[in-house]
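Below, each chain spelled out in residue letters.
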Amino acid sequence: MLLVQSLNTPLRFQGTTLAAIMAKLHKDVEGLVTSLYFPDDHVRSALAYEPQMNDLFIVSYPKCGNTWLQFIVYGILFPESSSIDMKDFPLRMPFLEMLGADAALNMRRPGAIKDHFPFHRQPYSNHAKYIYIARNPYDCCVSLYYIYKWLLPDGKHDFTFGSFLEMFLLGEVDGGDYFCHVRSWYKERGRHNVLFITYEDLKKNTGNCILRIAEFLGCEYAGRLKEDKALLGRIIEMTSISNVQAVFGKGLFPVQTYLNLPPEKFPEHMYRTWERQNYNPTKLSFFRKGVVGDWRNHFSSDQCNSMRNWIAKKSGGEELMLVWKDVDLP
Ligand code: A3P
């Protein structure tokens, strides 16, 4: 069965169309598909942000490992730190479209700006650097599904993975069309100021990837890592999934600080969701499993077929999917 064939008929979900519910979680601002939670003026100012000399951006489609990369970059920039300082981190790592351009203009430096823009919408300068992290579409879809489960309003937590997959294949999710995004950056990977990495490579060859990232940031960072062998181990440990899960578990991740939004800018809907969760950051699935291959626990063989057809159609016949040739995908 091809899931995409049934998409002209809106799915029913607890008496409401799933599309209508999902539409509450993303929106279009100046042609950019983004989270409903981000104030329009922040998104607009983010799109218009003019990169400063030596700005560093960490870019991805949602749920591809952006936060992990932020932690790693923080560890490289501040080699003396033995843990992520969550009072300092948000001020050095602003989320551009969530917080708006002012957050980037006023950020502590050195730092890195997070965003989810496809290349053609990215504030771009030859004097800035861009690290793009891609993740295979199967695991990305699963990870995004869990965030939607958490974020869906009014406790509608029981919608199925299959229903979500249909929307994902249509690009009707926060982040928009997966391949439009990933391809846009893949095509630019040869630029001197773009580093294209994958979540899977970062997972498998963490040390090597951290060295590549450090070299990309500047020889002073790479030199330090090469000189101090223990440093690499410290960064790997500090940014490991078990460690960041433990940090979240201790409630040290200041979600409000991370967002840094004044109350009037905070969508009521988001407050309500968080109130329901009692602001308990352990329930926020930012650091859910952190593995490669969780797709196996979610995709039926029919759904794998749908994905394969979609990939054949959308990946552009390019070699993009080859970046995952060593990853066990259907
Ligand atoms: P899962 O939901 O599959 O666990 P983003 O930061 O772009 O939103 O990506 C979130 C995904 O990255 C989540 O995937 C999360 O668990 C994973 N992740 C976050 N920190 C990680 C780490 N230190 N190591 C491995 N994966 C990590």
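In the block above lies the structure referred to throughout.
Residues numbered from 1 in each chain as written. Predicted model: local features only at pLDDT ≥ 70, side-chain atom pairs only at ≥ 80, totals over all residues. Heavy atoms only, no water.

## What about the overall build of the protein?
Helix and strand counts for the protein come out as 17 helices and 8 strands. The buried share among the 330 residues of the protein stands at 57%. Long-range contacts, defined here as pairs at least 24 residues apart, represent 73% of the contacts in the protein between residues at least 6 apart. Surface exposure of the protein reaches about 14300 Å², of which carbon and sulfur atoms provide 51%. (Helix = DSSP H or I, 4+ residues; strand = E, 2+ residues; numbered from the N terminus. Buried < 20%, exposed > 50% of the residue type's maximum accessible area, 1.4 Å probe, protein only. Contact = heavy atoms within 4.5 Å. Areas by Shrake-Rupley, 256 points an atom, 1.4 Å probe, with all protein chains shown as cover.)

## Side note on the site of the ligand
Of all residues adjacent to the ligand, which total 19 residues, the nearest are Thr67, Ser143, Tyr199, Thr239 and Lys289. Contact distances for the ligand include 3.2 Å between an oxygen atom and a backbone N or O atom of Cys64. Contact distances for the ligand include 2.8 Å between an oxygen atom and a backbone N or O atom of Asn66. Among the elements of the structure, helix 3 (66-77), helix 10 (199-204) and helix 14 (241-249) are those that each provide at least two residues to the shell around the ligand. It is helix 3 that contributes the most residues to the shell around the ligand, 3 residues altogether. In the shell around the ligand, the residues fall into 7 nonpolar, 7 polar and 5 charged. (Near = heavy atom within 4 Å. Polar contact = N/O pair within 3.5 Å; in protein donor to acceptor, adjacent residues only side chain to side chain. Nonpolar A, V, L, I, M, F, W, Y, C, P; charged D, E, K, R; others polar.)

The values reported here are purely geometric and, on their own, carry no functional implication.
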